[in-house]
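Per-entry structural report
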Amino acid sequence: MQDEKPRLGVIIGSTRDSRFADKPAAWLMTHLQDDGHFNADLIDVRDFDLPFFNEMASNMHMPSQDARALAWQAKIADYDAYIFVTAEYNHALPASLKNALDQAYKEWNQKPFATLGYGGLGAARAIEELRGIGCALQMVPVSASLHVGGSEFLRVHPLGQNEPFEVLDGILKPSLGSMLDQLEWWTEATRSARQKTLGQPGKRTMAVAETLKAMAGETTA
Ligand SMILES: Cc1cc2nc3c(=O)[nH]c(=O)nc-3n(C[C@H](O)[C@H](O)[C@H](O)COP(=O)(O)O)c2cc1C
């Protein structure tokens, strides 16, 4: 029986000064508060001043050294699920978001995520990339996602009509409902499984890791 609400990190991935991202992120936070199922926090990659990845290895293999990477890892470790609010730059996710994903490994494992994308095509290409990256990080991407694209994107973007984001409520709320239903299901499933296994990888993976450690000991002896 899980009595606490699951913790959800809403991650803003674009970091440029004049970004649009704050507008969809604020809209999403309001709806998450109304929904009430999750304890949702806004997490801004910009606040962490992350360097470009400069560690000896992913923290799957060894602890990171840079204090900013460690602070980022400690922050995201605290959540059961994530929603990435993402732009699309040149048909890909922003480098700032990819870098933030690379700066952790264990903290993402065995957790689900959903996406809110905006752009000409609703950041569809960036979101598909995120799903592949999530697989590499042992995450669960949910199928439903929010895409703010085409004329709807122009209605709310400052370089278009710059209307309040709420004008899209009627269009976005059905997809938001499906997305949160799926995220809730996977959050409960993965949280409960993580609690049972204490977040450890499977026994076969652990056995291989032990063998590799023993072999490394032999070669350095
Ligand atoms: C370098 C750059 C590349 C862009 N490439 C794309 C693109 O491939 N697809 C798209 O839909 N919009 C593209 N855009 C337009 C963005 O959708 C728009 O600028 C959006 O506001 C970016 O998100 P942000 O303001 O949160 O950074 C690009 C914008 C920039 C600055």
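Residues numbered from 1 in each chain as written. Predicted model: local features only at pLDDT ≥ 70, side-chain atom pairs only at ≥ 80, totals over all residues.

1. Comments concerning the overall build of the protein chain
Rules: Here a helix means four or more residues in a row that DSSP labels H or I, a strand means two or more in a row labelled E, and each is numbered from the N terminus. Buried residues are those with 20 or more other C-beta atoms within 10 Å of their own C-beta, exposed residues have 12 or fewer, and partly exposed residues lie in between; C-beta atoms are placed from the backbone.
On a plain count of helices and strands, the protein chain comes out with seven helices and six strands. Order of helices (α) and strands (β) in the protein chain, N terminus to C terminus: β-α-β-α-β-α-β-α-β-β-α-α-α. By its C-alpha atoms, the protein chain is 70 × 40 × 25 Å across when sized along the principal axes. Residues classed as buried in the protein chain amount to 33% of the 221 residues present.

2. A closer look at unusual backbone geometry
Phi is positive for N90, which is not a glycine, with a value near 50 degrees. When the 8 C-beta atoms within 10 Å are taken as the criterion, N90 is described as exposed.

3. Side note on the site of the ligand
Stated precisely, the cut-off is as follows: Working rule for contacts: place C-beta from the backbone, and if it is within 6 Å of a molecule or strand, that residue counts as near it. Residues are grouped as follows: Ala, Val, Leu, Ile, Met, Phe, Trp, Tyr, Cys and Pro are nonpolar; Asp, Glu, Lys and Arg are charged; every other residue, Gly included, is polar.
Close contacts around the ligand come from 13 residues, with S14, F20, A21, A87 and G119 the closest. For the shell around the ligand, the per-class residue count stands at five nonpolar, five polar and three charged.

4. Here we look at the pairing of strand β1 (residues 7-12)
Under the convention used in this document: By definition, two strands form a pair when at least two bridges between them are found by DSSP. Seen with the strands pointing away from the viewer, any crossover whose path from the first strand over the helix to the second strand runs clockwise is right-handed.
By the criterion of burial, β1 is predominantly enclosed, with five of the six residues buried. Pairing geometry for β1 and strand β2 (residues 39-44), over six bridges, is parallel. Among the inter-strand pairings, L8 is bridged to a residue of β2, identified as A40. Between the parallel pair β1 and β2, the chain is carried across by helix α1 (residues 22-35), and the sense of this crossover is right-handed.

5. A closer look at the environment of T211
Along the chain, the position of T211 falls in helix α7 (residues 203-220). Taking C-alpha positions, T211 is 16 Å from M60, a pair spaced 151 residues apart along the chain.

6. Details of the nonpolar core
Going by this rule: To form a nonpolar core, buried Ala, Val, Leu, Ile, Met, Phe, Trp, Tyr and Cys residues must be joined through C-beta atoms within 7 Å. What counts as a contact is two residues whose backbone-derived C-beta atoms lie within 7 Å of each other.
Ranked by size, the top nonpolar core spans 49 residues in total, and within it L8, V10, I83 and V85 carry the most contacts. For this core, the element with the highest residue contribution is helix α6 (residues 169-197), accounting for six residues. Once residues within four sequence positions are removed from consideration, V85 is found in contact with V10, I11, I12, G13, A21, P24, A25, L28 and L116.

7. So, α1
For an α-helix the count is 3.6 residues per turn, leaving residues at separations of three or four pointing the same way. As a reminder, the rule being used: Expected helix span is taken as 1.5 Å per residue step, with the number of steps being one fewer than the number of residues. When we speak of the arc, we mean the arc of directions from the helix axis to the C-beta atoms.
Here α1 is 14 residues long and its end C-alpha atoms lie 20 Å apart, about the 20 Å a rise of 1.5 Å per residue gives. By the burial criterion, the buried members of α1 are P24, A25, W27, L28 and L32. Along the axis of α1, the buried residues cluster in a sector spanning 160 degrees; they form a single face. Residues of α1 that are exposed and point more than 90 degrees away from the buried face comprise T30, Q33 and D34. Those residues of α1 that are buried lie in contact with β1, β2, β3 (81-86), β4 (112-118) and β6 (146-148).

8. A look at the pairing of β3
With six of its six residues buried, β3 lies for the most part within the structure. As paired elements, β1 and β3 share five bridges and run parallel to each other. Bridge pairing links I12 to V85 in β3. Two strands pair when backbone bridges link them, and β3 and β4 are joined in this way by five bridges, in the parallel orientation. In the strand pairing of β4, T86 is matched with G117. Each parallel crossover has a hand, and the one from β3 via helix α3 (residues 95-102) to β4 is right-handed.

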